[in-house]
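The lines below spell out each chain.
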Amino acid sequence: MAFHRHTGPGSYTVGTMSERFDCHYCRDPLQGKKYVQKEGRHCCVKCFEKICANTCIECKKPIGADSKELHFKNRYWHDTCFRCFKCYTSLVNEPFMLRENNKVWCSNCTAAEDAPRCKGCFKPIIAGDQNVEYKKMVWHKDCFTCSQCKKVIGSGSFFPKGDDFYCVSCHEHKFAKTCAKCKNPITSGGLTYQEQPWHSECFICSNCKKQLGGKRFTAVEDQFYCVDCYKECVAKKCAGCKNPITAGFGRGTSVVNYEDESWHDYCFKCTKCARGLANKRFVCHNGKIYCAECPKRL
């Protein structure tokens with residue numbers, strides 16, 4: 001962008017005639033009178049303004065002999081008309097820009113007019129202003145505010161939602177999922193169990209407090225246990241092998257219960273012939289389990 005300076009007054013002289021000359025146009029004598037000399041011709045003031053004077057591009061009136069004339073690229077102004085189109089500051093001794101419709105603008109107004117507009121206040125963002133840019137849009141730093149609480153986000157973190165922008169706090173309360181345990185917003189990460197969201201640090205073993213995300217666990221009456229703690233603290237002990245019954249964690253998936261005792265399905269077998277008795281008829285004799293045939297042989 002180039003700014004210009006006008007090229008000074010037009011090429012004519014004004015004075016009082018001391019010699020015997022007549023006006024070039026009306027032939028009236030000029031001696032002792034005010035006259036204008038332009039392009040080697042002498043004329044009276046009246047003829048100059050009627051025939052020779054340039055027309056001011058701003059006010060459309062002739063620029064008389066008594067007026068100060070400024071010109072630039074074959075355009076002419078009264079010095080009093082040579083003002084910024086926007087702020088009306090005189091540009092007689094200032095750089096300017098000639099814009100559409102032959103209007104002159106000062107450097108400040110030109111910069112402001114061509115500057116990007118703030119998406120918030122719609123005013124220009126000029127050089128030196130702190131600003132925030134997002135997806136080809138720009139704001140003054142103080143105009144970039146949260147759509148919910150209206151506080152200035154500035155250069156801080158934010159979340160876009162359609163045409164709105166939210167600070168971290170408002171986004172958490174308005175959009176973030178709430179942890180099923182602590183009831184606080186889940187701002188990042190997290191996991192889902194039975195269609196409920198959890199913070200990873202909240203989804204832990206009820207006994208050892210280790211996080212269970214991505215690990216094997218079991219749920220007992222709304223409490224979660226890792227494999228080791230379930231075996232140690234919760235699981236029933238098999239009446240056969242005396243080891244914890246961890247259905248789903250290891251060998252065997254079924255449990256056999258009989259009179260306050262439990263067995264792995266593969267441990268529930270005849271004491272004499274060792275035949276598996278899960279889902280089969282059995283006999284309890286003297287506290288021991290037998291198939292239907294073996295007691296007859298005792």
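Residues numbered from 1 in each chain as written. Predicted model: local features only at pLDDT ≥ 70, side-chain atom pairs only at ≥ 80, totals over all residues. Heavy atoms only, no water.

Enquirer: Mind laying out helix 4 (residues 227-234), listing which residues take part and the relevant values?
Expert: Listed as buried for helix 4 are Val227, Cys229 and Tyr230. Along the axis of helix 4, the buried positions cluster into a sector of 165°, meaning they face one direction only. Turned more than 90 degrees from where helix 4 packs its buried face, Asp228 and Glu232 sit exposed. Contacts made by the buried residues of helix 4 are with strand 16 (217-220) and strand 17 (223-226). (Buried < 20%, exposed > 50% of the residue type's maximum accessible area, 1.4 Å probe, protein only. Helix = DSSP H or I, 4+ residues; strand = E, 2+ residues; numbered from the N terminus. Arc of directions from axis to C-beta. Contact = heavy atoms within 4.5 Å.)

Enquirer: An account of the environment of Asp79 is requested, with residue identities and associated values reported.
Expert: Along the chain, Asp79 falls in the loop between strand 5 (75-78) and strand 6 (96-99). We classify Asp79 as partly exposed; its relative accessible area is 22%. Beyond its immediate chain neighbours, meaning those up to four positions away, Asp79 contacts Lys68, Leu70 and Val92.

Enquirer: Run through the packing of aromatic side chains, naming residues and quoting values.
Expert: Using the criterion set out here, one finds 20 aromatic pairs in the structure. Residues Trp77 and Phe82 carry aromatic rings whose centres are separated by 4.9 Å and whose planes lie at 70° to one another, so their mutual orientation is edge-to-face. Each ring, one from Phe268 and one from Phe282, has its centre 5.0 Å from the other, and the planes form 85°; the classification is edge-to-face. Taken together, the residues Phe268 in the loop between strand 19 (261-264) and strand 20 (282-285) and Phe282 in strand 20 connect sequence positions 14 residues apart. A residue is classified by how much of its surface remains accessible, and Phe282, at 29% relative accessible area, is partly exposed. Taken together, Tyr134, Trp139, Phe144, Phe158 and Phe165 form an aromatic cluster joined through their ring pairs. (Phe/Tyr/Trp six-rings, centres within 6.5 Å; stacked < 30°, edge-to-face > 60°.)

Enquirer: Please set out unusual backbone geometry residue by residue, giving values where relevant.
Expert: Residue Arg27 is not a glycine yet carries a positive backbone phi of 65°. With respect to the element layout, Arg27 can be found in the loop between strand 1 (12-16) and strand 2 (34-38). The phi dihedral of Lys209 is positive, around 70°, even though this residue is not glycine. Relative to the helices and strands, Lys209 is located in the loop between strand 15 (196-198) and strand 16.

Enquirer: Can you tell me about the pattern of salt bridges, naming the residues and giving the values?
Expert: Summed over all chains, the structure comprises 1 salt bridge. Residue Glu58 is joined to Lys103 by a salt bridge in which the shortest nitrogen-to-oxygen separation is 3.6 Å. You can see Glu58 sitting in the loop between helix 1 (45-52) and strand 4 (69-72) and its partner Lys103 sitting in strand 7 (residues 103-106), a full 45 residues away along the chain. Since its relative accessible area comes to 22%, Lys103 is described here as partly exposed. (Salt bridge = Lys/Arg side-chain N within 4 Å of Asp/Glu carboxyl O.)

Enquirer: Lay out the nonpolar core in plain terms, naming residues and giving numbers.
Expert: Grouped together as the largest cluster of nonpolar side chains are 16 residues, with contacts concentrated most on Trp77, Phe82, Leu91, Phe96 and Val104. The set of elements that each furnish at least two residues to this core consists of strand 4, strand 6 and strand 7. In terms of residue count, strand 7 provides more of this core than any other element does, 3 residues in total. In contact with Val104, not counting residues within four places along its chain, are Trp77, Phe82, Arg83, Cys84, Phe85, Leu91, Phe96, Met97 and Leu98. Of all hydrophobic cores here, the second largest spans 14 residues; its members include Tyr12, Val36, Val45 and Cys52. (Core = buried A, V, L, I, M, F, W, Y, C linked by side-chain atoms within 4.5 Å.)

Enquirer: Would you mind going over the confidence of the model for the protein in detail, with residue names and values included?
Expert: Chain-level pLDDT for the protein is 82 on average; 93% of the residues reach the 70-or-more range. Ranking the elements of the protein by mean pLDDT puts helix 2 (residues 107-114) last, at 73, and strand 17 first, at 90. Note on residues 1-9: pLDDT under 50 across the span, and 34 contacts to partners over four residues away in sequence or across chains. (pLDDT = per-residue confidence, 0-100.)

Enquirer: Describe the side chain of Asn54, with residues and values.
Expert: Here Asn54 is to be found in the loop between helix 1 and strand 4. With relative accessibility at 17%, the residue Asn54 sits in the buried group. Contacts of Asn54, omitting those with residues within four sequence positions, involve Lys38, Lys61, Pro62, Ile63, Glu69 and Tyr76.

Enquirer: Would you mind going over the pairing of strand 8 (residues 131-134) in detail, with residue names and values included?
Expert: Side-chain direction in a regular strand flips from residue to residue, so the side chains alternate between the two faces of the sheet. As paired strands, strand 8 and strand 9 (residues 137-140) are joined by 4 bridges and run antiparallel to one another. Looking across to strand 9, one finds that Glu133 is bridged to Val138. With antiparallel pairing between neighbouring strands as the criterion, strand 8 and strand 9 make up a hairpin whose turn holds 2 residues, including Lys135 at a positive phi of roughly 50°. (Pairing = 2+ DSSP bridges.)

Enquirer: Give a description of the sheet that holds strand 2 that names residues and reports values.
Expert: Strand order in the open sheet formed by 3 strands is 1-2-3, and the pairing between neighbours is antiparallel. Every interior strand has two partners, whereas the edge strands, strand 1 and strand 3 (41-44), have only one. Mean inter-strand twist for the sheet, computed between neighbouring axes without regard to direction, equals 30°. Two elements, strand 1 and strand 2, share 5 bridges in a ladder whose sense is antiparallel. Directly across from Tyr12, in strand 2, lies its bridge partner Lys38. Along the sheet, helix 1 contacts strand 1, strand 2 and strand 3; its crossing angle with strand 3, the most-contacted strand, is approximately 105°. (Axes fitted to C-alpha atoms, helices over the stretch in contact; angles between N-to-C directions.)

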